[in-house]
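Fold and geometry: a report
Listed below, chain by chain, are the residues.
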Amino acid sequence: MKSILFSIVVLFSVKVFAQTPIDELQKNNISYLELQESEGFEFRSQIITEFDSNNASQNVNIKLSKDFIYIVVALGDSNIPKISLDIKPANNAKMESMMPDESLTGQSFLVTPSKSGRFKISINAIGLEASRSGFISFMILRK
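Overview of the structure. All of these numbers come straight from a predicted model, not from anything done at the bench.

Quick look at the pattern of salt bridges now. Counting across every chain of the model gives four salt bridges. Between glutamate 42 and arginine 44 there is a salt bridge whose closest N-O contact spans 3.6 Å. For glutamate 42, a relative accessible area of 39% corresponds to the partly exposed category. The partner of arginine 142 in a salt bridge is glutamate 42, with the nearest N and O atoms 3.4 Å apart. Remark: glutamate 42 occurs in strand β1 (residues 42-52) and arginine 142 occurs in strand β8 (residues 133-142); sequence separation between them is 100 residues.

Structure below.
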């Protein structure tokens, strides 16, 4: 009886303390934010959204000022194979791709707007299996 009870407690503990894909995503977010903050960027906003094969895109409209330089980044959990960001109007900003850590799933751009205004950013989860879903963290930093 004691061994059955011990087994149940062990299985419960493993379940409670197991790393999930969203836990890994949060660790990656913190590491990425700390790196960018060490470069003088400050965190402005974050959205974490679940994506699946039926809902593999999300659009965000955000106002960017010509007085700042921005990092626009989307990082995915281990269930997200690939992420694509599409920023429009692209001709109103200088954009430079930047993803410092190859082990992260995501895409990041350094964005310098030529004029202030609204930008439409499409976040696309690419290659999701029909039976799986995953989380993407979309963040904006500026300096």
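Let's pick the thread back up.
The next point concerns the sheet that holds strand β2 (residues 57-64). The strand order across the open sheet formed by three strands is β2-β7-β4, and the pairing between neighbours is antiparallel. Either end of the sheet is taken by a strand with one partner, and the two such strands are β2 and β4 (82-88). Pairwise comparison of adjacent strand axes, ignoring direction, gives a mean angle of 20 degrees for this sheet. Where β4 and strand β7 (residues 117-126) come together, seven bridges link them in antiparallel fashion. Bridge pairing links isoleucine 87 to isoleucine 121 in β7.

The next point concerns the sheet that holds β8. Strand order in this open sheet of five strands is β1-β8-β3-β6-β5, and the pairing throughout is antiparallel. This sheet does not close on itself; its edge strands, each paired only once, are β1 and β5 (93-97). Between one strand axis and the next, the sheet turns by 20 degrees as a mean value, whatever way the strands run. Where helix α2 (residues 21-38) meets the sheet, its contacts fall on β1, β3 (70-76), β6 (105-113) and β8, and the angle it forms with β8 comes to roughly 15 degrees.

Between the first and last C-alpha of α2 there are 26 Å, a value that for 18 residues agrees with the 26 Å anticipated at 1.5 Å per step. Of the residues making up α2, those classed as buried are Leu25, Asn29, Tyr32, Leu33 and Gln36. Here the buried residues of α2 occupy an arc of 100 degrees about the axis, which is enough to place them on one side. Away from its buried face, by an angle of more than 90 degrees, α2 presents the exposed residues Lys27, Glu34 and Ser38. Here the buried face of α2 lies against β1, β3, β6 and β8. Phi for glycine 40, located one or two positions after α2, is positive at around 100 degrees.

Moving on: the side chain of aspartate 77. On the secondary structure map, aspartate 77 appears in the loop between β3 and β4. In this structure, aspartate 77 is buried with no salt-bridge partner, the nearest side chain bearing the opposite charge being arginine 132 at 7.5 Å. In terms of polar contacts, aspartate 77 uses its side chain to reach the backbone amide nitrogen of asparagine 79, at 2.8 Å. Non-local contacts of aspartate 77, meaning those with residues more than four positions away in its chain, are made with Pro21, Ile22, Leu25, Gly134 and Phe135.

Reading the values: rules and limits
- Residues numbered from 1 in each chain as written.
- Predicted model: local features only at pLDDT ≥ 70, side-chain atom pairs only at ≥ 80, totals over all residues.
- Heavy atoms only, no water.
- Salt bridge = Lys/Arg side-chain N within 4 Å of Asp/Glu carboxyl O.
- Buried < 20%, exposed > 50% of the residue type's maximum accessible area, 1.4 Å probe, protein only.
- Helix = DSSP H or I, 4+ residues; strand = E, 2+ residues; numbered from the N terminus.
- Pairing = 2+ DSSP bridges.
- Axes fitted to C-alpha atoms, helices over the stretch in contact; angles between N-to-C directions.
- Contact = heavy atoms within 4.5 Å.
- Expected span 1.5 Å × (residues − 1).
- Arc of directions from axis to C-beta.
- Lys, Arg positive; Asp, Glu negative; His and termini not counted.
- Polar contact = N/O pair within 3.5 Å; in protein donor to acceptor, adjacent residues only side chain to side chain.

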